[in-house]
Amino acid sequence: MVTSRQTAGPVRAVTPRRRGAVLERAILDAALEQLSTVGWSGLTMEGVAAAAQTGKAAVYRRWSSKEDLVADALQAGLPRLEEASDLGSVREDLLALCRQSRDAMFSRPGFALRSVIHECDHMQVERFHGVIFEGVVGPTTRLVRQVVKRGVERGDVRADATNSYVLDVIPAMMMYRSKISASEWSDQEIEEMVDQLMLPLLAPPGA
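Residues numbered from 1 in each chain as written. Predicted model: local features only at pLDDT ≥ 70, side-chain atom pairs only at ≥ 80, totals over all residues. Heavy atoms only, no water.

S.K.: Explain unusual backbone geometry to me, using residue names and the numbers behind them.
M.R.: The backbone of Q53 sits at a positive phi, close to 55 degrees, despite the residue not being glycine. Positionally, Q53 belongs in the loop between α2 (45-51) and α3 (56-62). (Helix = DSSP H or I, 4+ residues; strand = E, 2+ residues; numbered from the N terminus.)

The structure is reproduced here in structure tokens:
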């Protein structure tokens, strides 16, 4: 019997089979999306597999736990903070850097990272310490150092300001208030932090 086009069943689209790096990228993207929508508590390996349109076994072959999967997804997805703008003054440089860091924190991977920080217990957060430091805190501290050193060279910043306590202030404040107060760091809040905290802290003697 010949089946006509009119009587044939619906044709299902066939998704090309993905392998290797392409499949891994799809799984990592799905993990970030799940974190952004259902949070750490709602994320499951099964849900990630379904969102990535692959089988659960394909996920477990690569990551034995959701902690391992999320750590790799965050590390691969977080925006890179590569360079601090040189706008001619320490104030403008710090404002630009804080906005850049804020935008990274509120990107999709940044939102996923904050979901982990807010929902995980202390032991779980320790598992992500490397990702948090390498993805957010470390780069921000390095760029603050660049800005402060330029300020020292211009004479706008006291010579001993390039110490770890001063350099840690901005990333510590941004992470702390994001976690404790759910602060979204508006431009006004960033300006207040720079003007009321950082500039007095950096000012040379007698300024």
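More follows now that the structure is in view.
S.K.: Could you give an account of the pattern of salt bridges, with specific residues and numbers?
M.R.: As enumerated under the stated definition, the model contains 16 salt bridges in all. Two residues, R154 and D93, come together in a salt bridge whose shortest N-O distance is 3.9 Å. Separated by 61 residues along the polypeptide, R154 in helix α8 (residues 129-154) and D93 in helix α5 (residues 90-105) bring together distant segments of the chain. You can call R154 partly exposed: its relative accessible area is 33%. Taken together, the shared-partner salt bridges in this structure form one network comprising D86, D93, R150, R154 and D156. (Salt bridge = Lys/Arg side-chain N within 4 Å of Asp/Glu carboxyl O. Buried < 20%, exposed > 50% of the residue type's maximum accessible area, 1.4 Å probe, protein only.)

S.K.: If you had to explain the packing of aromatic side chains to someone new, which residues and values would you point to?
M.R.: Two measures describe an aromatic ring pair: the distance that separates the ring centres and the angle between the ring planes. On inspection of all chains with the given rule, the structure shows 0 aromatic pairs. Geometry around W40 places K66 over its ring, the cationic atom sitting 4.3 Å from the centre. Here R177 stacks its cationic end above the ring of W185, 5.2 Å away from the centre of that ring. (Phe/Tyr/Trp six-rings, centres within 6.5 Å; stacked < 30°, edge-to-face > 60°. Lys NZ or Arg CZ within 6 Å of the ring centre and 35° of its normal.)

Honestly, it's all geometry; don't read function into it.
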